[in-house]
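Residue-level listing of the chains:
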Amino acid sequence: MLRFDRRTALKAALGAVAAAPLAACGAAGAPDGRLRVAFPTAGAKETLDPHTSSLFVDQARAKALFDTLVGYADDMSPVPRLAESWEPDATGTRWSVRLRAARFHDNRPVTADDVLYSYRRVADPATGSPAARQFAGVDFGASRVRSATELELVLREPNFEFPSAWGAPATEIVPAGTTGFSAPVGSGPFRFKSFQPGGSTVLARFDGYWEGAPTPPELEFVPVNEESARVAALLSGQVHYAHDVSANSATLLGRDSRTRVLAATGGTMQAVALKVDRPPFDDPRLVRAIVSGVDRRALVDVVLSGHGKPGNDLFGMGLEYYPQDLPPRERDVELARSLVREAGAEGLAFDLHTSAADPYFESAAILLSQQLAEIGLRAAPRVGPSETYFSDIKKIGTAAHTRTAPLPLPAFLEQRMRGTAGSNNYTGYRSAEFDALFSRAMGSPGEADRSRLFADAQRLARDQSGLLVWGFSDWNVAVSSSVGGLRPAPPNSLDWARFDRAVVG
Amino acid sequence: MALAALRRAATAALQLVAVSVAVFALTSLLPGDTAVVVLGEHATEEQLAALRERMHLDRPPLERFAAWAGGLLHGDLGRSSLTGLPVTEDIARGFTTTALLAVVALVVVVPLAVAIGVAGGLRRGSLPDRVLNSAVLLLNSVPEFALALLLVGLFALHLAWLPATAAGASGWELAAQPALLVLPVSVLVGKQLCGLARQVRIGVAEADDAEYATHVRFHGLPERTVVLRHVLPNAIGPAVQQLARVVDGLLGGVVVVEAVFALPGMGSGFVNAVMARDLPSVQAYALVFAAVTIAVNMLADIAAKRLVPQREVMA
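As the structure is a computational prediction, the values presented were derived from the model and not from experiment.

Helix and strand counts for chain A stand at 13 helices and 19 strands. The C-alpha atoms of chain A give a radius of gyration of 24 Å, which matches the 23 Å a tight globule of 505 residues would have. Along the longest, intermediate and shortest principal axes, the C-alpha atoms of chain A span 70 × 65 × 35 Å. Put simply, chain A has 505 residues, and 58% of those count as buried.

In this section: empty space enclosed by the protein. Residues and elements named next belong to chain A. Taken as a whole and judged by the stated rule, the model has 13 cavities of 30 Å³ or more. The calculated volume of the largest cavity comes to roughly 310 Å³. When residues of the lining of the largest cavity are traced back to their parent elements, those giving at least two are α2 (56–65) and β2 (70–72). Of all the elements, α2 adds the most residues to the lining of the largest cavity, at four residues. Residue composition of the lining of the largest cavity, grouped by class: 15 nonpolar, seven polar and six charged. Of the volumes computed, that of the second largest cavity is approximately 80 Å³.

The next subject is the packing of aromatic side chains. Where two aromatic rings form a pair, the distance of their centres and the angle of their planes describe that pair. Residue and element names in this part refer to chain A. Going through the model one piece at a time under the given rule, you end up with 27 aromatic pairs over all chains. Summarising the aromatic geometry, the rings of F66 and F181 are spaced 6.5 Å apart at their centres and angled 65° between planes, so their arrangement reads as edge-to-face. On the criterion of sequence distance, the pair formed by F66 in the loop between α2 and β2 and F181 in the loop between β7 (150–154) and β8 (190–195) is long-range, its members being 115 residues apart. The exposure classification of F66 matches that of F181, with both residues buried. Where Y119 meets F135, the ring centres are 4.4 Å apart and the plane angle is 35°; that geometry is what we call tilted. Taken together, the residues Y119 in helix α3 (residues 112–123) and F135 in the loop between α3 and β6 (144–147) connect sequence positions 16 residues apart.

Turning to the pairing of strand β10 (residues 218–223) of chain A, a few remarks are in order. All names here are of chain A. Within β10, six of the six residues are buried, which leaves the element mostly enclosed by the surrounding structure. A two-sided burial pattern is seen for β10, the buried positions comprising E218, E220 and V222 on one face and L219, F221 and P223 on the other. Pairing of strand β1 (residues 34–39) with β10 involves six bridges; the strand directions are parallel. When the sheet's bridge partners are listed, L35 is paired in β10 with L219. Examined bridge by bridge, strand β9 (residues 201–205) and β10 share four bridges and lie antiparallel to one another. Pairing of T201 across the sheet is with F221, part of β10.

Moving on, we get to the pattern of salt bridges. Residues and elements named next belong to chain A. Within the structure shown, the criterion is met by 40 salt bridges over all chains. The shortest N-O distance in the salt bridge between E152 and R146 comes to 2.5 Å. Given a relative accessible area of 36%, R146 falls into the partly exposed group. Across the pair D500 and R498 runs a salt bridge whose closest N-O atoms are separated by 3.3 Å.

Let us look at the interface of chain A and chain B. At the interface, 55 residues of chain A touch 40 residues of chain B. Surface buried jointly by chain A and chain B totals about 3800 Å² across both partners, of which 60% is contributed by carbon and sulfur atoms. It is K45, Q238 and E387 of chain A that lose the most area in chain A upon contact with chain B, and together they represent 14% of the buried surface on that side. The tally of links from chain A across to chain B stands at one residue pair in polar contact (both at pLDDT 80 or more).

What follows is about the nonpolar core. Core analysis: the largest hydrophobic core is formed by 74 residues, its most contacted members being I290, F434 and W470 of chain A. Once residues within four sequence positions are removed from consideration, I290 of chain A is found in contact with L274, F281, F350, L372, I375, L377 and L468 of chain A. Within the second largest apolar cluster, 55 residues are counted, among which are V136, L151, L193 and L196 of chain B.

Residue and element names in this part refer to chain B. Their axes nearest at 10 Å, the elements helix α7 (residues 144–158) and helix α9 (residues 179–209) cross at an angle of 135°. Taken together, the axes of α7 and α9 are oblique relative to one another. Handedness of the α7/α9 crossing: right-handed. Judged by residue contacts, E144, L147, A148, L151, V152, F155 and A156 of α7 engage L183, S186, V187 and K191 from α9. Here the residues of the contact of α7 with α9 sort into eight nonpolar, one polar and two charged.

All right, on to the confidence of the model for chain A then. Residue and element names in this part refer to chain A. For chain A, the mean per-residue pLDDT works out to 90, and 94% of the residues sit at or above 70. Of all secondary-structure elements in chain A, the lowest mean pLDDT belongs to helix α1 (residues 2–19), at 43, while strand β5 (residues 94–99) reaches the highest, 98. Throughout residues 1–29 the model reports pLDDT below 50, and contacts reaching past four residues in sequence, or to other chains, amount to 47 contacts.

Residues and elements named next belong to chain A. Cis geometry is found at the peptide bond from P279 to P280, where omega equals 0°. Tracing the chain through its elements places P280 in the loop between β12 (259–274) and α6 (284–293). In this model, Y321 sits at a positive phi of 80°, which is unusual for a non-glycine residue. In this structure, Y321 sits in the loop between β13 (308–310) and α8 (333–342).

All names here are of chain B. Confidence in the prediction for chain B averages 83 pLDDT; 97% of positions are at 70 or higher. Considering each helix and strand of chain B separately, the mean pLDDT is smallest for helix α2 (residues 34–39), with a value of 76, and largest for α7, with 91. Low pLDDT (under 50) marks residues 311–315, which in the prediction has five contacts with non-local residues, meaning those over four places away or in another chain.

All names here are of chain B. Here helix α4 (residues 61–73) spans 18 Å end to end across 13 residues, near enough to the 18 Å set by a 1.5 Å rise per residue. Residues F65, W68 and G71 constitute the buried set of α4. Summarising the axial view, the buried residues of α4 lie within an arc of 130°, below the 170-degree limit, and thus occupy one face. Facing away from the buried side of α4 by more than 90 degrees, the exposed set consists of L62, A67 and L73.

Among the secondary structure elements, Q464 of chain A is positioned in helix α13 (residues 447–464). Discounting chain neighbours no more than four positions away, the residues touching Q464 of chain A are V276, Y429 and S431 of chain A.

It is worth spelling out the sheet that holds β5 of chain A at this point. Two pairing modes exist for strands in a sheet, parallel and antiparallel, and in both the strands are linked by backbone hydrogen bonds. All names here are of chain A. With respect to topology, four strands assemble into an open sheet ordered β4-β5-β7-β6, the strand pairing being antiparallel. Of all the strands in the sheet, just β4 (83–88) and β6 have a single pairing partner and so form its edges. Strand-to-strand, the axes of this sheet are offset by a mean angle of 20°, without reference to chain direction. By the bridge criterion, five bridges tie β4 to β5 in an arrangement that is antiparallel. Across the sheet, residue P88 finds its bridge partner in β5, namely W95. Against the sheet, α3 touches β5, β6 and β7, its axis set at about 30° to β7.

Let's shift gears to the layout of surface pockets. Computed from the structure, the second largest pocket encloses a volume of approximately 910 Å³. At the level of secondary structure, the elements contributing two or more residues to the lining of the second largest pocket comprise α11 (409–416) and α12 (432–442) of chain A together with α3 (45–54) of chain B. Of all the elements, α11 of chain A adds the most residues to the lining of the second largest pocket, at four residues. Its residues assigned to classes, the lining of the second largest pocket comprises 15 nonpolar, 12 polar and eight charged.

Residue and element names in this part refer to chain B. The end-to-end C-alpha distance of α7, which contains 15 residues, comes to 20 Å, matching closely the 21 Å that a straight helix rising 1.5 Å per residue would cover. Roughly 30° is the biggest bend found in α7, and it falls at V152. Most of α7 is tucked away, with 11 of its 15 residues classed as buried. Restricting attention to buried positions, one finds in α7 the residues E144, F145, A146, L147, A148, L149, L151, V152, G153, A156 and L157. Taken from the residues just after α7, A160 is the one with a positive phi, measuring 55°.

Cut-off values and rules
- Residues numbered from 1 in each chain as written.
- Chains lettered and ligands numbered in written order.
- Predicted model: local features only at pLDDT ≥ 70, side-chain atom pairs only at ≥ 80, totals over all residues.
- Heavy atoms only, no water.
- Helix = DSSP H or I, 4+ residues; strand = E, 2+ residues; numbered from the N terminus.
- Rg over C-alpha atoms; globule rule 2.2 N^0.38 Å.
- Buried < 20%, exposed > 50% of the residue type's maximum accessible area, 1.4 Å probe, protein only.
- 1 Å grid on protein atoms, 1.4 Å probe; cavity = no way out; pocket = protein on both sides within 12 Å on 5 of 7 lines; lining within 4 Å.
- Points joined across faces, edges and corners; volume = space filled by probe spheres on them.
- Nonpolar A, V, L, I, M, F, W, Y, C, P; charged D, E, K, R; others polar.
- Phe/Tyr/Trp six-rings, centres within 6.5 Å; stacked < 30°, edge-to-face > 60°.
- Pairing = 2+ DSSP bridges.
- Salt bridge = Lys/Arg side-chain N within 4 Å of Asp/Glu carboxyl O.
- Contact = heavy atoms within 4.5 Å.
- Buried area = accessible area lost by both parts, 1.4 Å probe.
- Polar contact = N/O pair within 3.5 Å; in protein donor to acceptor, adjacent residues only side chain to side chain.
- Core = buried A, V, L, I, M, F, W, Y, C linked by side-chain atoms within 4.5 Å.
- Axes fitted to C-alpha atoms, helices over the stretch in contact; angles between N-to-C directions.
- Parallel < 35°, antiparallel > 145°, perpendicular 65-115°, else oblique.
- Left-handed = near helix turned anticlockwise from the far one by under 90°.
- pLDDT = per-residue confidence, 0-100.
- Expected span 1.5 Å × (residues − 1).
- Arc of directions from axis to C-beta.
- Bend = angle between axes of the 7 residues up to and from the residue.

Okay, here's the thing in structure tokens:
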């Protein structure tokens, strides 16, 4: 009920604004040059410890205060940051890394000691870092510092994709020995000025930044949880940047001359996970029936209001190692119906788990259940609490909506598809063949070999894993038209929420 | 009289205990725990287990409740299972913001409601009465969230007279920039005006019709004196209890208003604590909100009791 009221009211309010002649809004410029960015936050829970960050705002702040060894290009391939260069030995278990000349905010140089200390801290279970698993394979006893700017990281098994771990969220480099983060020192483009959990964070330009001093003299993170409030704050000139705006707001903001929308196309995978390790979806015919019975184009047009593109049952469209040559899955109702009949599952009823954790889940569930009804299946949308949704669906049900922001493709395959993925394998897919292909790919020094093996592994997973990727939704942020120097970029990539090159005009 | 007040206070204390048990039981039923929320969707079972141990979430709920209740008896509201910091620090941070909102709203709503109630009560069925009555009823029937968005759309975005949100300002910063308070307070007032104004109107109407009012009028007292000295005091009894409802309503309203206007007060803190499944914090917030509500209602009951016999004597 509340949601209905909210949506209706939001549309009415924003509609009135869009229809209004442009009210002159004096606040749009920033006389003090301070760049104000609005993000949802988590109140008292917030911390400046970059290694425990799990929210987008934590990542954005960590990016401003700290640096990582590598960043991600838009296709999630690693690009050098603090690491100037790196190379593996022939076995892919010993990595030599050379650091560039960079300084922390207190003028100490960034050294190999700091890197090793940071990674040890990330891998330590006591830290509770979401990036811990990326460093689980590191032999810290054997890894060592070679010189102030050179270090050697040793792995227990071959991994020619290891550098992509150095760009993951929560792998920032902190000065060796750091334990407290109440007034953090990093090597990022901005220095710490003030912070209050649940309140504003103010950072100041770091003139000694290795990539050159940032443009904005100051950067302020303003906590605004409600999407409508972020949109209103942006339109009225109170902030210059609004993180995560819905497709509806994006349409309205795109028409307003006070604002611009930066849409990263295909930013987020939208999928339904069918658990293939239990009935009824342990019957491959049924999985194939559902995959053939879904109209992806209709889902993109209706659910995403066209702000996205149809999926092909694989994560990572457009990312490095994504197999480009696969024909798209087309809807085939006849085939789907006959497969349902063959499986003896006509009229089969099951719960389709969904929640408000993603703005598109609930409407997708409704449309999907209609489409599946046409092939003789009765999928009933079942709404769960959004805060714990993604951990709930690991344990419950047989079909659930899920989504994933961009991350390096091999990391996705390892964390979601491999036998060792445990509960993070949402579909319960297990295949010795897939695991073998994946391990061979990770252990292949040649990029062409790796690429081919990853493609083979993905083809296998596409047909067997039970992950129905119906689309990729755009990722929208909105900025004031007075701000330059920002471009659309997928979340988690280097250029996403990167404020050091922003120009407040 | 004193005994009755004491008995009322004992009831209030029991209510407080009941609330804390109920909140604990209900929040325990929520799926997921703090560790799940903190580590997010990619966490492994081992990571979750390690964090649960560190946050003492692996202890049985009754043991945690006992520890929490024990601390409470010593005046200790406990520590956040998330940050490990005393919950009171977190609550204190949001307190000024919320208290400021609620107090300013109360200061606006009471005289406004009395004025509307008296004006309507004395001239029942007149055009001003009907207009005012419909207006407060209309305000009351619009959901807070919608009212807030409409006000923002009109006064902040279209006319650009007022700031659209408070965007991170809190506590005394708000007092220093009153413009930031106008829209949030308007929403709270708009929502709470109706009940109080209508209660005052009914009270005034009843007192106005009563024999003693006719009696003093008959004796030639000026209308001003009749209303201020005789009608209004007798209309206030039931209105005081309605005032307690207004305070309850304001406390509920701040949750929505703080969200829409990005104000980091107790309402936002409470919502965040629930979302993070931070049980000690949720408990503490619920307890503080409950304590205020129970105390205000208790005071209203006692005050109303004192005010009512006056009418009986007069009549």
